[in-house]
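# Analysis of the macromolecular model
Read off the chains here:
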Amino acid sequence: MDHSQEHTFQQLCDRLSTKGEFAVERLDHWAATTPERPFFHYGEEDKTYSYREFGLLTDAIAGNLAANGLGKGDRLAVFTTNPLLAALMMFAAWKAGAVYAPVNFSFKGRLLSYQLQDTAPQWLVTDPGLMPAVNAVAGQLDRPPMLTLFRPPAGAHDHVATVELPDARFRQIPWEQLTASAQRPDISLTFDDAANIVYTSGTTGPAKGVLQSHRWIASYTYNLSWSMSPADVIYNDLPMYHIGGAIANVVRAAWVGCEVAVWDRFSPTAFWSRIASRGATTAILLDVMMPWLMKASASPDDRSNTLNKVHMQPLPMHHHEVAKRFGIDIVTAGFGQTESGSPLGLVIEELPEGEATPAACYRGLPRREILSRAQEMGMPVLQGEQVKRKGVMGRPTPFVEVAVLDEHDCPCPVGQPGQLAIRTRLPGVLMTEYLGKPAATVSAWRNLWFHTGDAAVLQPDGMYDFVDRLGDRIRVRGENLSSFQVEDMLNQHPQTQMVAAFAVPGAEGDEDDIVAFVVPIDGSELCVDELHRFVGDTMPKYMRPKHIRLVTELPRTPTNKVEKYKLRAVLLNELQASNSGQCSG
């Protein structure tokens, strides 16, 4: 347990609310004080919205949402591949006092119907490319929501020439009506009002909707924005259905008063040209992205860029090599989670000043100011070549206590792994609940600690290191999912009797490959190719097993639990033998 950052309750409240506690307040502030400053640049269309323009448009949308029945606490589901549309609806929802409930745009069928049923939104906003998926589940929804179909204009990168009309079960409000001139509703918010429902994978059941308050947003962005100023430009290619894209990048820009430059998805070939096009100074790089950037041929101009601050999540072993090649001054890392936000952090001074970002390219706070603020936050500051442990997460931020607990919820000794647990020092900093799942909420909060489901260890230097994911959680392409989700989808095939899914180390970064052992029904002629076709038709790409094996039975314990460790050993031995054969051949 860490008590190094002792503050009174009131001091913590004051610290968090110095610049306001609501994202819409911060957007209003910058719209009033720097109205023409760029806020949201949409790279796919080369379109920039100033703070004033973005504020006025979301005011109008909020007014029309309220005029058509969306009230405080109601849920607005957003199912779109267009991050500009998602950002507009997110801020508009908050201005109307509603709850932003994004949906993964790769979902369809069972995955999509489950989340819409679980969220039970009053309103759904989607786009033409996803309208067929929405229509396909309309009959599975107990209460089909009001629906608005955004139609990109001709010439837009996501324009669809032939649009499938919404199912008759949806009442409709056209996009043109939603964006017509309207007065912003007069809504009073409190810090613990619901702001978001963001879904996270469950280890023993379906995905859970994490209910986050407005203070959750304030504390999460506070822990990520302390090193920034309005002169910064945030680069984003993370999806708006995750906290990384929506809150860590877009809302953080509104909090700081800087620009956020947004593209639909990560591109290793276009990454640096995008950075140059907007003079981006900071970005979040997931572990799966960095190998792609490092694969490009080295150039004498690799350091001639404006990117001076990068948050790496999780921190890879080769962080210093990435920073040296591309001239990154500061790397931050920590622990990020939908439920607990950003409770841990550290700062890495990767290169000596003058050897990183060229002076002519540097924008944002001077390095000495960043390091001074880190000290005020109680964050450890380390030199790049010193950080050689994988998974270093740093020390607790001011608003939480952190512990590593054993199976009895007693603190583990230094150096002994256990479950990472968080306890808030202010109400609202961590998640409010798992939507509609009180038993799961109580279990996660047992003994007044939030149990993250991740294994960690407290090191002698007072920092926490990530060890592993507990349970059957899997990470692929930056997405967290569970073996339950994979098994549930494969079990929908009419010829499967039983499925065991698990992860093995992937070929790229620190991510996983998914494995599924399948027992067909008796007398079935099911083949592996048919299962690969099935998952291709029904599951998002990141959820599809890379390795599928058909077996007659699964090994089990006397209590009937599948022994996945035995299956994992079988698969790893098979892969090792295959790789050895390729090398010797």
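Residues numbered from 1 in each chain as written. Predicted model: local features only at pLDDT ≥ 70, side-chain atom pairs only at ≥ 80, totals over all residues. Heavy atoms only, no water.

Within the element layout of this structure, glycine 415 appears in the loop between β17 (400-405) and β18 (418-424). Residue glycine 415 is classed as partly exposed on the basis of its relative accessible area of 45%. Sequence separation between glycine 415 and valine 457 is 42 residues, and the spatial gap between their C-alpha atoms is 5.8 Å. Ignoring any residue separated from it by four or fewer positions in sequence, one finds glycine 415 in contact with Val457 and Leu458. (Helix = DSSP H or I, 4+ residues; strand = E, 2+ residues; numbered from the N terminus. Buried < 20%, exposed > 50% of the residue type's maximum accessible area, 1.4 Å probe, protein only. Contact = heavy atoms within 4.5 Å.)

Judged by nonpolar contacts, the single largest core of 118 residues is most densely connected at Phe39, Phe40, Phe91 and Trp94. It is helix α4 (residues 83-95) that provides the largest number of residues to this core, a total of 11 residues. Contact partners of phenylalanine 40, with chain neighbours within four places excluded, come to Lys47, Thr48, Tyr49, Phe54, Pro83, Leu84, Ala87, Val250, Val260 and Val262. Core analysis: the next-biggest nonpolar cluster, separate from the first, contains 38 residues, Ile474, Val476, Val518 and Leu526 among them. (Core = buried A, V, L, I, M, F, W, Y, C linked by side-chain atoms within 4.5 Å.)

Moving on: the side chain of arginine 215. Within the secondary structure, arginine 215 is located in helix α8 (residues 214-225). We classify arginine 215 as buried; its relative accessible area is 5%. Within the structure, arginine 215 has its side chain in polar contact with the side chain of glutamate 21 (distance 2.9 Å). In this view, arginine 215 contacts Cys13, Leu16, Glu21, Phe191, Leu426, Pro427, Gly428 and Val429; residues no more than four positions away in its chain are not counted. (Polar contact = N/O pair within 3.5 Å; in protein donor to acceptor, adjacent residues only side chain to side chain.)

A cluster of basic side chains, namely Lys108, Arg477, Lys541 and Arg544, defines a positive patch on the protein surface. Position of arginine 544 among the secondary structure elements: in the loop between α16 (528-538) and β26 (547-550). With relative accessibility at 31%, the residue arginine 544 sits in the partly exposed group. (Patch = residues over 30% accessible without salt bridge, like charges linked within 9 Å, V, L, I, M, F, W, Y side chains within 5 Å. Areas by Shrake-Rupley, 256 points an atom, 1.4 Å probe, with all protein chains shown as cover. Salt bridge = Lys/Arg side-chain N within 4 Å of Asp/Glu carboxyl O. Lys, Arg positive; Asp, Glu negative; His and termini not counted. Charge placed at Lys NZ, Arg CZ, Asp CG, Glu CD.)

Turning our attention to the packing of aromatic side chains. What the rule picks out here adds up to 18 aromatic pairs. Measuring from ring centre to ring centre gives 5.1 Å for tyrosine 235 and phenylalanine 271, while their planes differ by 80°; the resulting arrangement is edge-to-face. Of this pair, tyrosine 235 sits in strand β9 (residues 233-236) while phenylalanine 271 sits in helix α10 (residues 271-278); the two residues are 36 residues apart in sequence, bridging distant segments of the chain. There is no split in this pair, since tyrosine 235 and phenylalanine 271 are both buried. One aromatic cluster is present, built from ring pairs that chain together Phe39, Phe40, Tyr51, Phe54, Phe91 and Trp94. The ring of tyrosine 434 has lysine 208 lying over it, and the distance from NZ or CZ to the ring centre is 4.9 Å. Here the guanidinium or amino end of arginine 215 rests over the ring plane of phenylalanine 191, the centre of that ring lying 3.7 Å away. (Phe/Tyr/Trp six-rings, centres within 6.5 Å; stacked < 30°, edge-to-face > 60°. Lys NZ or Arg CZ within 6 Å of the ring centre and 35° of its normal.)

Glancing now at the pairing of strand β21 (residues 464-469). Relative to β21, strand β16 (residues 392-396) is paired through 2 bridges, and the arrangement is antiparallel. Across the sheet, residue valine 392 finds its bridge partner in β21, namely aspartate 465. Bridge analysis of strand β20 (residues 450-458) against β21 gives 5 bridges, and the strand direction is antiparallel. From the neighbouring strand, alanine 456 faces β21, where its bridge partner is phenylalanine 466. Where β20 hands over to β21, the hairpin turn is made up of 5 residues, of which glycine 462 adopts a positive phi near 85°. (Pairing = 2+ DSSP bridges.)

Here α4 contains 13 residues, and its C-alpha end-to-end distance of 18 Å stays within 8% of the 18 Å for a straight helix at 1.5 Å per residue. For α4, the tally of buried residues reaches 13 of 13 residues, placing the bulk of the element in the interior. The distance from a side-chain oxygen at the start of α4 to the backbone nitrogen of leucine 84 is 3.0 Å, and the residue carrying that oxygen is asparagine 82. With its phi angle positive at about 80°, glycine 97 sits one or two positions after the end of α4. (Expected span 1.5 Å × (residues − 1).)

Should the pLDDT be low somewhere, the predicted coordinates at that spot are not to be read in detail. When pLDDT is averaged along the protein chain, the result is 93; 96% of the residues meet or exceed 70. Note on residues 1-5: pLDDT under 50 across the span, and 17 contacts to partners over four residues away in sequence or across chains. (pLDDT = per-residue confidence, 0-100.)

On to the side chain of threonine 452. Of note, threonine 452 is situated in strand β20. At 3.2 Å, the side chain of threonine 452 forms a polar contact with the backbone nitrogen of aspartate 454. If we skip the residues at most four places from it in the chain, threonine 452 touches Phe335, Gln337, Gln419, Leu420, Ile422 and Arg473.

Moving on: the packing of α8 against helix α9 (residues 243-256). Interaxial distance between α8 and α9 falls to 9 Å at its minimum, and their mutual angle equals 75°. With respect to α9, the element α8 is oriented roughly perpendicular. On α9, the residues touching Trp216, Ile217, Ala218, Tyr220, Thr221, Leu224 and Ser225 of α8 are Ile243, Ile247, Ala248, Val251, Arg252, Trp255 and Val256. Across the contact of α8 with α9, the residue classes tally to 11 nonpolar, 2 polar and 1 charged. (Axes fitted to C-alpha atoms, helices over the stretch in contact; angles between N-to-C directions. Parallel < 35°, antiparallel > 145°, perpendicular 65-115°, else oblique. Nonpolar A, V, L, I, M, F, W, Y, C, P; charged D, E, K, R; others polar.)

Right, let's talk about the sheet that holds strand β24 (residues 496-505) for a bit. One open sheet holds the 3 strands; their spatial order is β24-β25-β26, and the pairing between them is mixed. Each end of this open sheet is capped by a strand with a single partner; those strands are β24 and β26. Looking at each pair of strands side by side, their axes are set apart by 20° on average, direction ignored. Bridge count between β24 and strand β25 (residues 512-520): 9 bridges; the pairing is antiparallel. The residue of β25 that forms the bridge with valine 499 is valine 518.

To continue, consider the pattern of salt bridges. What the rule picks out here adds up to 25 salt bridges. Arginine 423 serves as the salt-bridge partner of glutamate 401, at 3.7 Å between the closest nitrogen and oxygen. Within this pair, whereas glutamate 401 is found in strand β17, its partner arginine 423 is found in strand β18, the two being separated by 22 residues in sequence. Since its relative accessible area comes to 14%, glutamate 401 is described here as buried. A salt bridge links arginine 549 to glutamate 574; the shortest N-O distance between them is 2.5 Å. Here glutamate 574 lies in helix α17 (residues 564-584) and arginine 549 lies in strand β26, a separation of 25 residues in the sequence. Accessibility expressed as a relative area gives 22% for arginine 549, which makes it partly exposed. Residue class for glutamate 574 comes out partly exposed when judged on its relative accessible area of 35%. Here the salt bridges do not stand alone but share partners, grouping Asp28, Asp59, Lys95 and Arg184 into one network.

With respect to the element layout, glutamate 433 can be found in strand β19 (residues 433-434). Given the relative accessible area of 30%, glutamate 433 is considered partly exposed. Here glutamate 433 is in contact with Gly209, Val210, Leu211 and Thr441, once residues within four sequence places are set aside.

This paragraph deals with the environment of asparagine 135. Locating asparagine 135 in the fold gives a position in helix α6 (residues 131-137). Among all residues touching asparagine 135, those that are not within four sequence positions of it are Glu164, Leu165, Pro166, Asp167 and Phe170. Within the structure, the side chain of asparagine 135 is placed 2.8 Å from the side chain of glutamate 164, a separation counted as a polar contact.

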